[in-house]
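As a plain string of letters, each chain reads:
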Amino acid sequence: MTSAKTGTRRFHRSALLGAVVATALGGGAILAACGTGGGTGGQDGTPGGPARLSVADSYIPLPPAGGMAAGYLTVRNDGGQDQLLKVTSPAADSVTMHRSTASTMEQVDSLDVPAHGALQLARGGTHLMIMGWQKAPVLGDELEFDLTFAKSGTISVKVPVKELTYRPGQS
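Residues numbered from 1 in each chain as written. Predicted model: local features only at pLDDT ≥ 70, side-chain atom pairs only at ≥ 80, totals over all residues. Heavy atoms only, no water.

Undergrad: Describe the side chain of N77, naming the residues involved and giving the relevant values.
TA: Secondary-structure assignment places N77 in strand 2 (residues 69-77). In terms of polar contacts, N77 uses its side chain to reach the backbone carbonyl oxygen of G80, at 2.7 Å. A distance of 3.1 Å separates a polar side-chain atom of N77 from the backbone oxygen of P114. Sequence-distant contacts of N77, that is, excluding residues within four places in its chain, are made with A51, R52, L53, D82, V113, P114, A115, H116 and G117. (Helix = DSSP H or I, 4+ residues; strand = E, 2+ residues; numbered from the N terminus. Polar contact = N/O pair within 3.5 Å; in protein donor to acceptor, adjacent residues only side chain to side chain. Contact = heavy atoms within 4.5 Å.)

In structure tokens:
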């Protein structure tokens, strides 16, 4: 019986040692999978890596002569999170960012551009307010705007002046 007990102890020790080794190796594989290489996070810790921005559907409805105007556009982001900090234009003295609600309009200092998402500036919501025109815009003009982002720097875009009733995506 003594040899049977010794054999059982050796088996239990071997099984225990095997379980410990398997756990250590499995934990190492899990840690390797959670590392920074090849994941969706960037080296700076932002989800999705650096922002990859593009601008679409930009337009300014034709303003009344010399009056203030609104500007609309969509900032698409195929990368990590960013933030729109300011907008300027050589065609105007002032371009500010605003958010509209059902009853108010308030100026905001910045707008988030979500990772793998879009910031949409549209009628009835977030938009640009353009004041102090250097020259009154006319239908068909393309005005330059410089959009400055926290991480992506400045992007220049040409924004067309459209009819007052224009809506992107509609004929």
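Undergrad: Explain the packing of aromatic side chains to me, using residue names and the numbers behind them.
TA: Applying the stated criterion across every chain yields a total of two aromatic pairs. Seen in terms of ring centroids, Y59 and Y72 are 5.2 Å apart; in terms of plane orientation they differ by 40°. Their pairing is tilted. Here Y72 lies in strand 2 and Y59 lies in strand 1 (residues 53-61), a separation of 13 residues in the sequence. The two residues Y59 and Y72 agree in class, both being buried. Pairing Y59 with Y166 gives two aromatic rings, centres 4.9 Å apart and planes at 75°, and the pair type is edge-to-face. Here Y166 lies in the segment after strand 10 (153-162) and Y59 lies in strand 1, a separation of 107 residues in the sequence. Here a set of aromatic residues connected by ring pairs shows up, and it is made of Y59, Y72 and Y166. (Phe/Tyr/Trp six-rings, centres within 6.5 Å; stacked < 30°, edge-to-face > 60°. Buried < 20%, exposed > 50% of the residue type's maximum accessible area, 1.4 Å probe, protein only.)

Undergrad: How would you summarise the pairing of strand 10 if you had to cite specific residues and measurements?
TA: The side chains of a regular strand alternate, first on one face of the sheet and then on the other. Across two bridges, strand 1 lies against strand 10 in parallel orientation. Residue I60 lies in a different strand from strand 10, and its bridge partner there is V161. Where strand 9 (residues 142-149) lies against strand 10, eight bridges are found, and the strand directions are antiparallel. Among the inter-strand pairings, F149 is bridged to a residue of strand 10, identified as G153. What sits between the antiparallel neighbours strand 9 and strand 10 is a turn of three residues. (Pairing = 2+ DSSP bridges.)

Undergrad: Tell me about the environment of S152, and name the residues and values.
TA: Tracing the backbone through its elements, the reader meets S152 in the loop between strand 9 and strand 10. In this structure S152 comes out as partly exposed when scored by relative accessible area, which is 29%. Residues S152 and A51 lie 101 residues apart in sequence; the distance between their C-alpha atoms is 6.7 Å. Separated by 2.6 Å, the side chains of S152 and D82 make a polar contact.

Undergrad: Can you lay out the pattern of salt bridges for me, pointing to particular residues and giving the numbers?
TA: Under the definition given, this model contains three salt bridges. The residue R76 makes a salt bridge to D57 at a minimum N-O spacing of 3.8 Å. Separated by 19 residues along the polypeptide, R76 in strand 2 and D57 in strand 1 bring together distant segments of the chain. The exposure class assigned to R76 is partly exposed, which follows from its relative accessible area of 40%. A relative accessible area of 43% means that D57 is categorised as partly exposed. The salt bridge partner of R99 is E106, with a shortest N-O separation of 3.9 Å. (Salt bridge = Lys/Arg side-chain N within 4 Å of Asp/Glu carboxyl O.)

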